[in-house]
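One letter stands for each residue in the lines below.
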Amino acid sequence: MGPRLRGDDGGSGRFSAIALAISLTLATTAGAAGVINPTHSTDPTGFRFQIVTADDSGVTRRIADDLYKQLMPIFGGFRTELAQHRRMVYVAIGPVALRNVAARKCDCVVIAAFTSSQVWRSVTENLQPERALSMTAIYAEPAPVDQLRLIELLYKRPVRVAAIVSSNTGFLKPTLQGIAEIEHYDPSEDINVVLNRIGKTEVLLAMPDRSVYNTENVRNILLSTYRHNQAVIGFSADMVMAGALATTYSTIEQINAQVADVANEYVATGELAPPQFPRYFSTVINEGVARSLDVAVDDTARHFTRRPPARRQ
């Protein structure tokens, strides 16, 4: 069974199957799939939505099903018979779906989710300004400010934090300024040279950057920092399982709740919120790594979380 579009007016469409897995945060390859063209209207009388996916995996179905339940109360009040006169809000799940929708010429709004800030930047940087202003995103990776707060809870004292950026993530420098000591990495360099340059810092704040944290480098980074008694604050729960100290992370339901927040605000005000990091999150800590690094973890750090408010269904 092929993947589908799902929306409040029962519309559906088919896509070529492209896997959606951990690569959601790093993938940049465009697929050949398309989306259904909405009916253009110069006089919209409300809003409708469609969830755009690029595959039909179990994870994608779980995302789409939960998201549908969260969005229906927002859009369900508009009259069904006027569906073609409502402005379309596309919710793009993952990088491939985002690229497909971004390529369409339509009087529509796009909310992207489960896509890293790096991929978002690569998709939108060459769009016409008017088109880019009709799009927003909930990034896949944790907010640096929340990661910094987690570091404070873990160490309970000031520590030096480093962040490695490449040309792919240089746009994050303003966000990291004042939070971390920023070290630039060129892929032509030996990653060990860069790691030596940050050797006096106590914590490495990792971000999803395919130039830095790729298959060739990530094991070396985890081993090298561990030998130097440095902690890595990862950008996913999987990275913590692999040897990073800890991370905040957002579940499917938490990301979807934020998508619903953005959609609700847009429907209510006509103003589309800017691209943003996850607002709701939980925390995972590698207790074995913490003991090895002599980091005394308490329940305040373990239970560091921000949950979405209960919604009226």
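Reading the values: the criteria
- Residues numbered from 1 in each chain as written.
- Predicted model: local features only at pLDDT ≥ 70, side-chain atom pairs only at ≥ 80, totals over all residues.
- Heavy atoms only, no water.
- Axes fitted to C-alpha atoms, helices over the stretch in contact; angles between N-to-C directions.
- Helix = DSSP H or I, 4+ residues; strand = E, 2+ residues; numbered from the N terminus.
- Parallel < 35°, antiparallel > 145°, perpendicular 65-115°, else oblique.
- Left-handed = near helix turned anticlockwise from the far one by under 90°.
- Contact = heavy atoms within 4.5 Å.
- Expected span 1.5 Å × (residues − 1).
- Buried < 20%, exposed > 50% of the residue type's maximum accessible area, 1.4 Å probe, protein only.
- Salt bridge = Lys/Arg side-chain N within 4 Å of Asp/Glu carboxyl O.
- Pairing = 2+ DSSP bridges.
- Right-handed = clockwise from strand over helix to strand, strands pointing away.

Draft legend 1. Structural context of the packing of helix α2 (residues 95-102) against helix α3 (residues 117-124). Relative to each other, α2 and α3 sit at 20°, their axes nearing to 10 Å. Considering their axes alone, α2 and α3 lie roughly parallel with respect to each other. The hand of the α2/α3 crossing is right-handed. Residues P95, L98, R99 and A102 of α2 form the contact with α3, whose participating residues are V119, W120, S122 and V123.

Draft legend 2. How the structure looks around helix α5 (residues 144-155). Spanning 12 residues, α5 covers 16 Å between terminal C-alpha atoms, matching the ideal 16 Å at 1.5 Å per step. Those residues of α5 lying buried are P144, D146, Q147, L150, I151, L153, L154 and Y155. Among the residues trailing α5, K156 stands out with phi positive, at a value near 60°.

Draft legend 3. Main features of the pattern of salt bridges. Scanning the model with the defined rule gives 13 salt bridges in all. Residues E152 and R149 are paired through a salt bridge, measuring 3.2 Å at the closest nitrogen-oxygen approach. Separated by three residues within a single helix, E152 and R149 lie in helix α5, roughly one turn from each other. The exposure class of R149 is partly exposed, given its relative accessible area of 39%. By sharing partners, the salt bridges in this structure join E183, E189 and R197 into a single network.

Draft legend 4. Seen up close, the pairing of strand β4 (residues 108-115). Taking burial as the measure, the eight residues of β4 include eight buried ones, the bulk of the element. Strand direction decides the pairing type here: strand β3 (residues 86-93) and β4, joined by six bridges, are parallel. Paired with A92 across the strands is A112, a residue of β4. Between the parallel pair β3 and β4, the chain is carried across by α2, and the sense of this crossover is right-handed. For β4 and strand β5 (residues 135-139), the ladder comprises five bridges, and the chain directions are parallel. Directly across from V110, in β5, lies its bridge partner M135.

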